[in-house]
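# Reading the structure
These are the residues of each chain, in order.
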Amino acid sequence: MTDLVWVMKPAALCGWLCFGLMVGWLPQASADEVDHDEALELAEQGVILPLQSLIGDALGRYPGRFLEAELEYDDGRYIYELEIVTRDRRVLDLEYDAVSGKLLDVDEDD
């Protein structure tokens with residue numbers, strides 16, 4: 001009987017893990033994109049910084065041209081994702097905390 005229990009424990013654990021994934025029990029890492037109207041309202045209320053101030057900071061650090069931006073709500077905070085192309089034609093993705101204006105991450109697109 002103990003051999004059967006030894007074999008069944010891993011199978012049962014695997015089954016519960018798979019079931020948990022299917023019904024969404026395990027935490028999922030995802031960000032919710034904030035639409036333009038909500039972003040404008042958040043900026044007008046002073047919850048987040050205006051996008052233009054962060055574009056100015058990004059171009060001050062990496063001179064070039066601004067391409068696009070997104071605002072996301074991720075892990076309990078608002079994050080601006082800016083894309084710029086530098087004068088030497090590198091495309092950079094910059095992440096800013098939308099509340100504090102702190103530069104969080106810079107990645108170069110390949």
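The following paragraphs examine the structure supplied in this document. It should be emphasised that the depicted structure is a prediction, and the values quoted were computed from it without experimental measurement. (Residues numbered from 1 in each chain as written. Predicted model: local features only at pLDDT ≥ 70, side-chain atom pairs only at ≥ 80, totals over all residues. Heavy atoms only, no water.)

### Observations concerning the pairing of strand S2 (residues 64–74)
The pairing of strand S1 (residues 31–33) with S2 spans 3 bridges and is classified as antiparallel. Residue pairing for S2: Glu-33 is matched across the bridge by Glu-72. Pairing analysis gives 10 bridges linking S2 to strand S3 (residues 77–86), with the strands arranged antiparallel. Bridge pairing in S3 links Asp-74 to Arg-77. Counted between consecutive antiparallel strands, the loop separating S2 from S3 contains 2 residues, among which Asp-75 sits at a positive phi close to 50 degrees. (Pairing = 2+ DSSP bridges. Helix = DSSP H or I, 4+ residues; strand = E, 2+ residues; numbered from the N terminus.)

### Focus: unusual backbone geometry
Leaving glycine out, the prevailing phi sign among residues is negative, and the prevailing peptide bond configuration is trans. Although it is not a glycine, Asp-75 adopts a positive phi angle of roughly 50 degrees. Tracing the chain through its elements places Asp-75 in the loop between S2 and S3. The phi torsion at Arg-89 lies on the positive side, around 65 degrees, for a residue other than glycine. Its place among the elements puts Arg-89 in the loop between S3 and strand S4 (91–97).

### Quick word on the pattern of salt bridges
What the rule picks out here adds up to 4 salt bridges. Here Arg-77 makes a salt bridge to Asp-97, at a shortest N to O gap of 3.7 Å. One end of the pair, Arg-77, is in strand S3; the other, Asp-97, is in strand S4, and 20 residues separate them in sequence. Judged by relative accessible area, which is 39%, Arg-77 ranks as partly exposed. A salt bridge links Arg-90 to Asp-88, with the shortest nitrogen-to-oxygen separation between them at 3.3 Å. Salt bridges sharing common partners tie together Asp-88, Arg-90 and Glu-108. (Salt bridge = Lys/Arg side-chain N within 4 Å of Asp/Glu carboxyl O. Buried < 20%, exposed > 50% of the residue type's maximum accessible area, 1.4 Å probe, protein only.)

### A word on the nonpolar core
Ile-48, Leu-71, Tyr-78, Tyr-80, Leu-82, Leu-94 and Tyr-96 are the most contacted members of the largest nonpolar core, which totals 17 residues. Looking at this core, the elements with two or more residues in it are helix H2 (36–44), helix H3 (51–61), S3 and S4. The leading source of residues in this core is S3, at 4 residues. (Core = buried A, V, L, I, M, F, W, Y, C linked by side-chain atoms within 4.5 Å.)

### Quick word on the environment of Glu-38
Mapped onto the secondary structure, Glu-38 falls in helix H2. Along the primary structure Glu-38 and Leu-71 are separated by 33 residues, whereas in three dimensions their C-alpha atoms are 9.7 Å apart.

### Remarks on the sheet that holds strand S5 (residues 103–108)
One open sheet holds the 5 strands; their spatial order is S1-S2-S3-S4-S5, and the pairing between them is antiparallel. If you trace the sheet from one side to the other, it starts and ends with S1 and S5, each paired once. Within this sheet the neighbouring strands show an average axis-to-axis angle of 30 degrees, counted without direction. Sheet contacts for H3: S2, S3, S4 and S5; angle to S3, the most-contacted strand, approximately 45 degrees. (Axes fitted to C-alpha atoms, helices over the stretch in contact; angles between N-to-C directions. Contact = heavy atoms within 4.5 Å.)

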